[in-house]
Amino acid sequence: MIPAVRGTHDILPGQVERWQRVERIARSLCERYGYVEVRTPIIEREELFSKGTGETTDIVQKEMYSFTDKGGERITLRPEATPSMVRAYVEHSLEHALPSTKLYAMGPMFRYERPQKGRYRQFHQLDVEVFGLSDPAVDAEVIDVAWSLLEALQIPEIEVVINSVGCAACRPTFQAALLAALGDDLPKLCQDCQRRAVTNPLRIYDCKVPADQPIIDRLPHSVDYLCESCAAHYAGVKQHLDLWGLPWRESHRLVRGLDYYTRTTFEILGRTLGAQNALLGGGRYDGLVKALGGPDRTGIGFAAGMERLVMAMPEQAADETLPKIAVVAAGEDARNEALRLLRELRRAGLSAHMELEARSLKAQMKRADRVAARAVVIIGADELARGEVTLRLMQSSEQRAVARAEVVPAVKAALGLS
Ligand code: HAM
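Note that the coordinates shown come from a computational prediction; the quantities given were computed from them, not determined experimentally. (Residues numbered from 1 in each chain as written. Predicted model: local features only at pLDDT ≥ 70, side-chain atom pairs only at ≥ 80, totals over all residues. Heavy atoms only, no water.)

Visitor: What should I look at first to understand the sheet that holds strand 2 (residues 43-45) in this one?
Guide: Sheet strands line up and pair through hydrogen bonds in the backbone, either parallel or antiparallel. The strand order 2-4-3 describes an open sheet built from three strands, whose pairing is antiparallel. Only two strands of the sheet have a single partner each, and these edge strands are strand 2 and strand 3 (65-68). Each strand of the sheet is rotated relative to its neighbour by a mean of 35°, with strand direction disregarded. Pairing of strand 3 with strand 4 (residues 74-77) involves four bridges; the strand directions are antiparallel. Paired with Phe-67 across the strands is Ile-75, a residue of strand 4. (Pairing = 2+ DSSP bridges. Helix = DSSP H or I, 4+ residues; strand = E, 2+ residues; numbered from the N terminus. Axes fitted to C-alpha atoms, helices over the stretch in contact; angles between N-to-C directions.)

Here it is as C-alpha cells:
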C-alpha cells in the first residue's frame, strides 16, 4: 500500500456530507452578500507569493511547495489565495469587467507545516476579497460575512478579535517605538524574534515562546501610534460593528503573519478547537494591488480554514442526504422493467439503487438494507403481468401495490418529497 502524503487527507463518505454543507452554505451566503465566485489555478509563479505574501513571512521562508518545471520556470502550489485573487483582478482588469469587485473562492492550499490537529499540509480555504472600497463600513461588512457564516454553520463559542496595524505612513513610527521599547531586552528574546526585529518587527507579537512573553507584554500597541486617518478609519470600523451588534474584542497582538496587511486585521477564534483555534483570519491590504503591478486600489478580505469549519460544526448540523430507493427485480423479464424504472426514478430527481450484477431476491433485499434504502420497489413476474409494482416502506414494513405509471409520484409521496 502506498499511503497518502503526510499532512494530507482523503475526505470520505461520512465526512464529505459535512463538507458539502459548509460549501453550500458558504456559497449561498457569499452570493447573498453580493460576492461572485472566481476560480484561479492551484499553481502560480513563485514570485507571486514572494512578492505578495512577503519575503519575511514564515510561509515564503519555510512553507512553500515550490519546484522548477520542465520549462525551467519556478512554480509554487498556492499557500494562500489572496495573491492569486489580486493577480486575477489585475490581469483581467476585473474592476472594469465586473459591476462590483467582491470576489470569493474555495479550494485547496498547500503549506509545508508541522501537521497537527487543525493544521495540515493540504488544507482548504474559503477566501473572500473586496477590491477598491475603503470605507470602514466595508471592513465591518466583511467581518459580518465571516460572522454570519459561522452562525449559519451553528458553530458555537466564537470570538471576533480585531486590531489596526496602521499604514505605510504611520507604521514606521510604531516600529521605531517598538524597537526603542525593546532596547536592551532584544538579545533576551528567542532567535526567531531577533530575526523578526530586523526583517519585520511587528511579527514579534506572534511569538509564543513563554520566556519572551513578559518582555512582549511591555511593548507598545500599534493602535496608539495610528496616524489621524488610520485612527478615524479604525474608530469607524468599531462603530459599524456596534451598529450591527457584532461583538468584538481588541487585541494589540493581532498583527497576522502575512506582510501585506494595513489598518484593520481580524480573526475569529473558536473556543472548541484546541491549539489551532483560528477559524478564519483576514484584514485590509491597501498596498498589495499596486505592489503586484495593478492600479492603486485598496483591498480587504479573509480566509476561513474549511477543515476547521467542518470540525467545529456541531454533529446535528451535518447534511441530510437524499433518501434512497432500492429497485429489486425477480426474473429476467422483470429485470428489464426494473432497469427502466431505475432510470425513471433517477431522472425524476430521486436517489435510486439497483444491484446490476444479477442476484437472488433475498440478496437484493439484503443490499437494499445495507444501502439504507427507505423504500423498495419490487417487480416480479406477477407484478409485471398486472402492470404494477410492489412498494415497500422499510421503516414501517408497510407494503402495497402501485400502478406502474404511478410509481414516481407514489414514491415521492411516501417519502414526503415534493
Ligand atoms: P491565514 O491566517 O494564513 O490567512 O489563513 C486563514 C485561515 O486558513 C486560518 O485562520 C486557518 O483557519 C486556515 N489555515 C491556515 N493554515 C492552515 C493549515 N496549515 N491547515 C489548516 N488550516 C489552515 C490567509 O491565508 C490570508 N490569505 C487571509 C486573507 C484573505 N487576508 C486577506 N484576505
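Back to the write-up after that little detour.
Visitor: Sorry, what's going on with a nonpolar patch on the surface here?
Guide: Where nonpolar side chains cluster on the molecular surface, the patch consists of Ile-42, Ile-43 and Phe-67 and spans about 240 Å² of accessible area. The topology assignment puts Phe-67 in strand 3. (Patch = residues over 30% accessible without salt bridge, like charges linked within 9 Å, V, L, I, M, F, W, Y side chains within 5 Å. Areas by Shrake-Rupley, 256 points an atom, 1.4 Å probe, with all protein chains shown as cover. Salt bridge = Lys/Arg side-chain N within 4 Å of Asp/Glu carboxyl O.)

Visitor: Can you walk me through the side chain of Arg-308 in this structure?
Guide: Note on placement: Arg-308 falls in helix 12 (residues 306-312). Summary of buried charges: Arg-308 has no salt-bridge partner, and the nearest side chain of opposite charge, Glu-113, is 6.1 Å away. The residues touching Arg-308, leaving out its near neighbours within four places in the chain, are Gly-118, Arg-119, Leu-273, Gln-276, Ala-278 and Leu-279. (Buried < 20%, exposed > 50% of the residue type's maximum accessible area, 1.4 Å probe, protein only. Lys, Arg positive; Asp, Glu negative; His and termini not counted. Contact = heavy atoms within 4.5 Å.)

Visitor: Just checking my understanding: could you explain the environment of Ala-152 for this structure?
Guide: By secondary structure assignment, the location of Ala-152 is in helix 6 (residues 136-152). Contacts of Ala-152, omitting those with residues within four sequence positions, involve Arg-21 and Ile-25.

Visitor: Can you walk me through the pattern of salt bridges in this structure?
Guide: Between side chains of opposite charge, pairing is possible as soon as their charged atoms come close. What the rule picks out here adds up to 28 salt bridges. For Asp-192, the salt bridge is made with Arg-195, and the minimal N-O distance between the two is 3.1 Å. With Asp-192 and Arg-195 both in helix 8 (residues 191-199), this residue pair falls three residues apart, about one helical turn. Taking relative accessible area as the criterion, Arg-195 reaches 27% and is therefore assigned partly exposed. A salt bridge links Arg-386 to Glu-388; the shortest N-O distance between them is 3.0 Å. Looking at Glu-388, the relative accessible area reads 24%, which means it is partly exposed.

Visitor: Looking at this model, I keep getting lost on helix 7 (residues 171-182). Mind explaining?
Guide: Because an α-helix completes one turn every 3.6 residues, residues spaced three or four positions apart along the sequence face the same direction. Helix length check: helix 7 (12 residues) gives 16 Å between terminal C-alpha atoms against 16 Å at 1.5 Å per residue, within 8%. Restricting attention to buried positions, one finds in helix 7 the residues Arg-171, Phe-174, Ala-177, Leu-178 and Leu-182. Looking down the long axis of helix 7, one finds its buried residues gathered within 135° of arc, a one-sided arrangement. Looking at the packing, one finds that the buried side of helix 7 touches helix 9 (213-217) and strand 9 (262-270). Phi turns positive one or two residues past the end of helix 7, at Gly-183, with a value near 45°. (Expected span 1.5 Å × (residues − 1). Arc of directions from axis to C-beta.)

Visitor: Would you mind showing me how to read the nonpolar core here?
Guide: In globular proteins that are soluble, nonpolar side chains generally tend to be buried together. Ranked by size, the top nonpolar core spans 48 residues in total, and within it Leu-126, Phe-302 and Leu-309 carry the most contacts. Ranked by residue count, the leading element in this core is helix 6, at nine residues. Setting aside anything within four residues of it in sequence, one finds Leu-309 in contact with Val-22, Leu-149, Leu-150, Leu-153, Ile-155, Leu-279 and Ala-304. (Core = buried A, V, L, I, M, F, W, Y, C linked by side-chain atoms within 4.5 Å.)

Visitor: I'm lost on the pairing of strand 6 (residues 122-131) in this one. Help?
Guide: A regular strand places its side chains so that they alternate between the two faces of the sheet. The buried fraction of strand 6 is high, at nine of 10 residues. Bridge analysis of strand 6 against strand 11 (residues 299-305) gives seven bridges, and the strand direction is antiparallel. Among the inter-strand pairings, Gln-125 is bridged to a residue of strand 11, identified as Gly-305.

Visitor: Sorry if this is basic, but what is going on with the site of the ligand here?
Guide: Near the ligand lie 27 residues; those nearest to it are Glu-80, Thr-82, Glu-113, Glu-129 and Tyr-261. Between the ligand and Glu-80 there is a distance of 2.4 Å, counted from a nitrogen atom to a side-chain nitrogen or oxygen. Here a nitrogen atom of the ligand sits 2.9 Å away from a polar atom, N or O, in the main chain of Tyr-120. For the ligand, whose unbound accessible area comes to 660 Å², protein coverage reaches 95%. Put simply, the parts of the chain that give the shell around the ligand at least two residues each are strand 6, strand 10 (278-284) and strand 11. Ranked by the residues each element gives to the shell around the ligand, the list is headed by strand 10, at six residues. (Near = heavy atom within 4 Å. Polar contact = N/O pair within 3.5 Å; in protein donor to acceptor, adjacent residues only side chain to side chain.)

Visitor: Can you walk me through the sheet that holds strand 5 (residues 102-110) in this structure?
Guide: A sheet is described by the order of its strands in space; here eight strands give the open sequence 1-5-6-11-10-9-7-8, paired in mixed fashion. The open sheet has two edge strands with one neighbour each: strand 1 (36-37) and strand 8 (249-250). Sheet topology places strand 1 next to strand 5; two bridges connect them, and they run parallel. Paired with Glu-37 across the strands is Tyr-104, a residue of strand 5. Running at roughly 15° to strand 11, helix 6 makes contact with strand 5, strand 6, strand 7 (158-164), strand 9, strand 10 and strand 11 of the sheet.

Visitor: Looking at this structure, I do not really get the packing of helix 6 against helix 10 (residues 228-243). What am I missing?
Guide: Relative orientation and spacing of two packed helices are given, respectively, by the angle between their axes and the distance between those axes. Helix 10 packs onto helix 6 with a crossing angle of 45° between their chain directions and a minimal axis gap of 8 Å. Put simply, helix 6 runs oblique to helix 10. Viewed along their axes, helix 6 and helix 10 form a crossing whose handedness is right-handed. Of the residues in helix 10, those touching helix 6 at Pro-136, Ala-137, Asp-139, Ala-140 and Ile-143 are His-233, Gly-236, Val-237, His-240 and Leu-241. (Parallel < 35°, antiparallel > 145°, perpendicular 65-115°, else oblique. Left-handed = near helix turned anticlockwise from the far one by under 90°.)

Visitor: Got a minute to help me understand the packing of helix 1 (residues 16-32) against helix 6 in this structure?
Guide: At a minimum axis separation of 10 Å, helix 1 and helix 6 run at an interaxial angle of 140°. Relative to helix 6, the element helix 1 is oriented oblique. In this structure, helix 1 crosses over helix 6, and the sense of that crossing is right-handed. Contact residues: helix 1 offers Arg-21, Ile-25, Ala-26 and Leu-29, while helix 6 offers Val-145, Ser-148, Leu-149 and Ala-152. Looking at the contact of helix 1 with helix 6 residue by residue, the class counts come to six nonpolar, one polar and one charged. (Nonpolar A, V, L, I, M, F, W, Y, C, P; charged D, E, K, R; others polar.)

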